[in-house]
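Examining the three-dimensional arrangement
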Amino acid sequence: MNRRKFLSCFTTVTAAVTLPSLRGAAASSAHLFADTDMLGVLHDSARCIGCRKCEAACQKVNADVLPSPDKLKSPEPSFYYRSVMDKKRHTDFQRFTVVNRYKIEDRLPVYRKFQCNHCIEPACASACFVKALRKTPEGPVIYSPDLCVGCRYCMIACPFYVPAYDYDNTWNPLIYKCTMCAPRLAKGLLPGCVESCPKEALTFGRRKELLQIARQRIVDNQGIYVDHIYGEYEVGGTCWLYLSPVPHKNLGQPEVGKTAPTDLTADILGTAGLAAGILTALLGATCLVSSRRNKKYPAGHDAGDDRGDEQ
Amino acid sequence: MNSECKNNNTLLDCIKNNPVTAIILLVGLGLTVARFTSGIGGVTNLDNKNPWGFWMTFDLLCGIAIAAGGFAVTAAYYVFGQKHFGVFVRSTLTTAFLGYFFEVIALVYEVGQPWRLPYPIFWSQGTSSVLFLIGLCVFAYLMISFTELLPAVLEWLGKKDARKKAIRLVTPLAVIGAVIGIIHQSSLGALYVITPSKVHPLWYTTLMPLNFLVSSLFAGLSMVVVEGLLSHKFLHAYMDGQHIKTANRAVFGCGKAACFFMFAYLAMKVVQMADTSQHLSSGYGALFLAELAGGVALPALMLLTGIARKRTGLIQAGAIVAVLGVVLNRFNVSLVAFNYNLPAAERYFPSWMEIALSVFLFTLMVAAYRFICSRMPVLKTHKEYGEGVV
């Protein structure tokens, strides 16, 4: 082994040692806010009457981002017309929230509000490779439009299909999703939808307290609610919580499991760093061994099998 | 692509000689204009529930999988001292470099704000994202494969001293290139680990990174064989006697290695099926089994027979099937199995424009490969540098 070989070997091993520690740091950043004192909203489908005042309020308080209702790309009848609910709607780049109506067997229709659930460990934020989406300690998952590259991996990652994209915008396409009114919360105001709800179907507060309120409602109104607070454990817990008189899956809530998807990738990223280190060391060592072997049996040994570099 | 345009020919002659290429390029240019004037929505069928479509699957997942031959052959030659792979080192490195280069070009079409593509590396690093790791790998491997090809470029330009310096870098870079290649291939599988509720359980496993890695290895090695076959047919003029003489043994080497990885992959998949066998009776199950039987088991047997009976043709045929098998796998994971629980009306099907743009980029890549092979010592040894690749 001459000096140059030694140096290249040394550099390789150094890289092998530093790389995994880098990745390890990356993986551990997935758990930012393990203990949650976060803010959230509880939606109670037993109280919701589907008036869509929350939708109108959302459009109004987000007027700097969203178009006014009469300028929607696919205009709907005014918010007072209920025929809009004849079909299932979805949030898009012009709507942060929609209320859908679910007709289940012969009971009165049940309504469920749809918007970003502000997961405790948001898959979208962990999937974002420029930190354009991030979880704030207060609860909201917020978006920095000036960082977004438009890769749309957040949309792939989100188990609830929340982030929406304006595909037809040529020069400044962005992700659109509910912010839990983070700018209003900072000013001490309620989220627009919560403020506008005439039936107290939306309750704003600390997530911990909302869970207690929800449990109390289930206990106090025997037979009204199904015994399941959607969002308590789903994908590791979400800041938005849901109570319902019918099974949540009948209200279009997906069955997503209790594991936070971010945990799955954090493990992999950690392993990737370790694997990179071990591989570099192993391949580097193999390289040295095989180059010595080739020196030992030079010219002519298996001649003609290569491009003649052993001559 | 079929016949070369001589320098004294006019543009019109070029078009006459290659009508298909000319049409592809014209349509591609038109669609490029459409993409950058009417946005992604103007040329694709993507929507809020299907944010990644044909481009992501074909240009990125398939393209990078079959470019794996680059680091695999380079590592076999420089790291493991398997000198009979030497004949393929520069040609696969060229393909790998072009594959990665055109992946970046594809990303310019694919992402919403391509001018921000350097952000994840230089401006705001989202280190918790698998995509960040992929970005790093693409960036690093682009530079590594370019540096590994520098000797060929410098031989072409006749810069002897610089070539001598560049060649010293090649062996350490082969080590780092292999590590980055392995991490990159597995990260592509890891992309979908974050979506356990969206990918059909037959394809979803937290071991997807390993599945993608092993399948990319045999896809990449098979692609080396296929590429050798195509080069022999269309680029024979740029080869020298040495290349033609030794290519056959290298084909066997690649075939053997690919065969090994195929059986490893089959074993892995069978073990993983223990958890998911209840889904096998559905339509997805049939597709899954077809992919495994036709796309992996069949070519594995073809390669095995070809190697045992020393029949190059059978190895080449097996390699073609294997490449198609992996392409099918990537389409299945990212388009068929993805969003399997959405109603049919909300599923995605590519627009013709998406497919045409991918064909356009692929054609450009082939043209670039041809340009390089016709000028630089890739398929032959430069007459002044008899010592060859190293």
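On a predicted model such as this, the values are computed, not experimentally measured, just so you know.

1. As for the interface of chain A and chain B
In this complex, chain A contributes 70 residues to the contact, which on the side of chain B involves 79 residues. Between chain A and chain B, roughly 6,200 Å² of surface is buried when both sides are summed, and carbon and sulfur atoms account for 61% of that area. Linking chain A with chain B are one salt bridge. With a closest N to O distance of 3.4 Å, A:Arg152 and B:Glu110 form a salt bridge.

2. Notes on the confidence of the model for chain B
Residue and element names in this part refer to chain B. When the pLDDT values of chain B are averaged, the result is 85; 95% of them are 70 or greater. Confidence, read as mean pLDDT per element, is least for helix H1 (residues 11-17) in chain B (72) and greatest for helix H12 (residues 312-336) (92). The ipTM, which scores confidence in the relative placement of chains, is 0.86 for this predicted complex, and the corresponding pTM is 0.85.

3. What about the confidence of the model for chain A?
Residue and element names in this part refer to chain A. Summary statistics for chain A give a mean pLDDT of 81 and a share of 78% for residues scoring 70 or more. Here residues 20-35 is modelled with pLDDT under 50, and outside its nearest four sequence neighbours on either side it reaches 25 contacts, counting other chains as well. Long-range and interchain partners of residues 298-311, a stretch whose pLDDT sits below 50, account for 34 contacts in this model, where long-range means more than four residues apart.

4. Details of the layout of surface pockets
Its boundaries defined by the atoms lining it, the largest pocket holds a volume of some 1,300 Å³. Lining the largest pocket are 43 residues, and of these A:Arg89, A:His90, B:Lys49, B:Leu342 and B:Glu346 lie nearest its centre. Counted by class, the lining of the largest pocket contains 16 nonpolar, 12 polar and 15 charged residues.

What counts and what doesn't
- Residues numbered from 1 in each chain as written.
- Chains lettered and ligands numbered in written order.
- Predicted model: local features only at pLDDT ≥ 70, side-chain atom pairs only at ≥ 80, totals over all residues.
- Heavy atoms only, no water.
- Contact = heavy atoms within 4.5 Å.
- Buried area = accessible area lost by both parts, 1.4 Å probe.
- Salt bridge = Lys/Arg side-chain N within 4 Å of Asp/Glu carboxyl O.
- pLDDT = per-residue confidence, 0-100.
- Helix = DSSP H or I, 4+ residues; strand = E, 2+ residues; numbered from the N terminus.
- 1 Å grid on protein atoms, 1.4 Å probe; cavity = no way out; pocket = protein on both sides within 12 Å on 5 of 7 lines; lining within 4 Å.
- Points joined across faces, edges and corners; volume = space filled by probe spheres on them.
- Nonpolar A, V, L, I, M, F, W, Y, C, P; charged D, E, K, R; others polar.

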